[in-house]
Amino acid sequence: MKNSNFGFIGIGNMASAIIGGILSTNFIKPENIYMYNHHPEKMQHFVDAGCIPCTSLGELAETCSTIFLCIKPQVFPDVLLKLQPLVANKKANDVLFVSIAAGITFQNLQSALGADRLYVRAMPNTPLLLGKGATSLSRTSNVSSDDFKQICDIFSCCGLVREVPEEQINAVIAVSGSSPAYLYLLAKLACDYAEQRGMDRKTALDLFCQTMTGSAEMLLNSGKDPQTLIDMVTSKGGTTFALLGVLREHGFDETMLASFAACEQRAKELSM
Ligand SMILES: NC(=O)c1ccc[n+]([C@@H]2O[C@H](COP(=O)([O-])OP(=O)(O)OC[C@H]3O[C@@H](n4cnc5c(N)ncnc54)[C@H](O)[C@@H]3O)[C@@H](O)[C@H]2O)c1
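As the structure is a prediction and not an experimental result, all values here were calculated from the model. (Residues numbered from 1 in each chain as written. Predicted model: local features only at pLDDT ≥ 70, side-chain atom pairs only at ≥ 80, totals over all residues. Heavy atoms only, no water.)

### Section: the packing of aromatic side chains
Right, on to step 1. This structure, assessed with the given rule, holds four aromatic pairs.
Right, on to step 2. Note on Phe97 and Tyr119: the rings are 5.8 Å apart at their centroids and 25° apart in plane angle, and the pair reads as stacked. You can see Phe97 sitting in strand 5 (residues 96-99) and its partner Tyr119 sitting in strand 6 (residues 118-123), a full 22 residues away along the chain. For the pair formed by Phe97 and Tyr119, the shared burial category is buried.
Right, on to step 3. Through a chain of ring-to-ring contacts, the aromatic side chains of Phe8, Phe68 and Phe155 assemble into a single cluster. (Phe/Tyr/Trp six-rings, centres within 6.5 Å; stacked < 30°, edge-to-face > 60°. Helix = DSSP H or I, 4+ residues; strand = E, 2+ residues; numbered from the N terminus. Buried < 20%, exposed > 50% of the residue type's maximum accessible area, 1.4 Å probe, protein only.)

The following block contains the structure:
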């Protein structure tokens with residue numbers, strides 16, 4: 001498969017992050033990026049950058065050999081139904097579909113668009129917007145290494161990329177897809193508390209964010225596992241000891257593990 005034109009269906013948060021990453025690194029020229037959104041004004045920012053807006057799904061399907069499906073899972077049945085006849089005349093290997101939707105399986109895509117077509121599933125996250133995202137990718141076995149590398153390279157424009165088997169792509173949502181939300185929640189709570197204690201909110205946010213990035217660097221580069229790093233912070237009978245005691249008493253570990261399981265379960269429910 002030779003990719004010259006790349007199509008994006010659904011120009012919202014995540015498609016904007018991916019296209020933004022591609023443009024900022026010049027990985028693909030804007031004139032090779034086609035877009036379709038049923039609200040055309042959502043494409044204006046990228047029209048201004050030289051990308052091509054399509055007025056119909058058919059126009060996009062006709063022009064593009066790689067099609068990114070960036071709509072919400074609930075919209076998939078309708079879009080796939082419309083897309084099927086538009087790609088029916090293309091040879092199986094002539095079009096690669098990349099779905100970024102939570103829960104939409106290869107089986108769903110194959111049932112709707114054809115069993116022998118080429119498919120990649122991606123699970124990105126919102127920090128892709130800054131080029132600092134994390135994306136997990138899975139592929140069907142008929143996707144060649146070259147084609148898969150091209151998709152990896154596209155997401156690499158927006159941050160870190162890892163391949164996972166499809167069986168793990170719902171579980172990984174709790175790790176990286178949805179996890180910005182609980183990290184932001186922790187930040188919000190820490191700032192709320194700081195404010196209650198009379199501290200300036202911005203100062204608290206700066207301190208908390210520096211702590212998150214510093215802690216992440218220690219996790220990645222110190223060679224120490226998370227528990228060892230927790231132990232390094234925790235003096236017996238000290239403040240962290242008190243903090244962790246309250247978390248334990250209120251079932252923090254069980255609550256977090258249950259929330260991860262709920263995230264994966266919801267992805268399964270979003271399957272068509
Ligand atoms: N937001 C996240 O953190 C995140 C992370 C990983 C994966 N995802 C997945 O990415 C997908 C998109 O999420 P998002 O946050 O970018 O959503 P979004 O609502 O920001 O974007 C979706 C876009 O699709 C457009 N749209 C709706 N119906 C359409 C149709 N029939 N044809 C064309 N366009 C249509 C909407 O106008 C909107 O611009 C979802 O499937 C989600 O599961 C999101």
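### Let's talk about unusual backbone geometry
Right, on to step 1. Although it is not a glycine, Asn26 adopts a positive phi angle of roughly 60°.
Right, on to step 2. Relative to the assigned elements, Asn26 resides in the loop between helix 1 (13-24) and strand 2 (33-36).

### Focus on the nonpolar core
Right, on to step 1. Core analysis: the largest hydrophobic core is formed by 35 residues, its most contacted members being Phe8, Ile19, Phe68, Leu137, Ile151 and Phe155.
Right, on to step 2. Take this core: its biggest share by element is seven residues, from helix 1.
Right, on to step 3. Tyr36, Leu80, Ala101 and Phe106 belong to the second largest nonpolar core, which has 24 residues in total. (Core = buried A, V, L, I, M, F, W, Y, C linked by side-chain atoms within 4.5 Å.)

### Describing the environment of Leu109
Right, on to step 1. Topologically, Leu109 is positioned in helix 5 (residues 106-113).
Right, on to step 2. Leu109 sits in the buried class, given a relative accessible area of 0%.
Right, on to step 3. As for Leu109 and Pro77, which are separated by 32 residues in sequence, their C-alpha atoms are 9.6 Å apart.

### What to know about the packing of helix 8 (residues 179-196) against helix 9 (residues 201-221)
Right, on to step 1. At a minimum axis separation of 9 Å, helix 8 and helix 9 run at an interaxial angle of 140°. Here helix 8 is positioned oblique relative to helix 9, judged by the angle of their axes. Remark: the crossing between helix 8 and helix 9 carries right-handed chirality. Seen from helix 8, the contacting residues are Leu183, Leu186, Ala187, Lys188, Ala190, Cys191, Asp192, Ala194 and Glu195; seen from helix 9, they are Arg201, Ala204, Leu205, Phe208 and Met212. (Axes fitted to C-alpha atoms, helices over the stretch in contact; angles between N-to-C directions. Parallel < 35°, antiparallel > 145°, perpendicular 65-115°, else oblique. Left-handed = near helix turned anticlockwise from the far one by under 90°. Contact = heavy atoms within 4.5 Å.)

### Considerations on the environment of Ile154
Right, on to step 1. Assignment of secondary structure puts Ile154 in helix 6 (residues 145-156).
Right, on to step 2. Counting along the chain gives 136 residues from Ile154 to Ile18, while the straight-line C-alpha distance between them is 7.7 Å.
Right, on to step 3. In this structure, Ile154 is in contact with Phe6, Ile18, Ile22, Phe27, Ile28 and Phe68, ignoring residues within four places of it in sequence.

### Quick look at the UniProt feature "domain: Pyrroline-5-carboxylate reductase dimerisation" (unreviewed entry) in the chain
Right, on to step 1. In the numbering used here, UniProt assigns the feature "domain: Pyrroline-5-carboxylate reductase dimerisation" (unreviewed entry) to residues 166-270.
Right, on to step 2. Taken end to end, residues 166-270 has its terminal C-alpha atoms 15 Å apart, with 79% of it in helix and 0% in strand. (UniProt positions renumbered as here; feature names shortened; annotations may be inferred.)

### Here's the deal with the UniProt feature "transmembrane region" (unreviewed entry) in the chain
Right, on to step 1. Sites flagged by UniProt as "transmembrane region" (unreviewed entry) map to residues 6-28.
Right, on to step 2. Taken end to end, residues 6-28 has its terminal C-alpha atoms 9 Å apart, with 52% of it in helix and 17% in strand.

### Some remarks on the sheet that holds strand 2
Right, on to step 1. Read from one edge to the other, the open sheet built from eight strands follows the order 3-2-1-4-5-6-7-8, with strand pairing classed as mixed. Taken across any chain shown, the strands that pair with only one partner, and hence form the sheet edges, are strand 3 (52-53) and strand 8 (159-163).
Right, on to step 2. Sheet analysis places strand 4 (residues 66-69) next to strand 5, joined by four bridges and oriented parallel. Note that in strand 5 the partner of Phe68 across the bridge is Val98. (Pairing = 2+ DSSP bridges.)

### Let's talk about the pattern of salt bridges
Right, on to step 1. One pass over the full model with this rule turns up 10 salt bridges.
Right, on to step 2. Of the charged contacts in the structure, one is a salt bridge between Lys149 and Asp153, with a shortest N-O distance of 2.8 Å. Of this pair, Lys149 and Asp153 are both found in helix 6, four residues apart, which corresponds to roughly one turn of the helix.
Right, on to step 3. On the basis of relative accessible area, Asp153 is assigned to the partly exposed category, the value being 24%.
Right, on to step 4. When the shortest N-O distance is used, the salt bridge between Glu195 and Arg201 registers 2.8 Å.
Right, on to step 5. When its relative accessible area of 42% is taken as the criterion, Glu195 is described as partly exposed. (Salt bridge = Lys/Arg side-chain N within 4 Å of Asp/Glu carboxyl O.)

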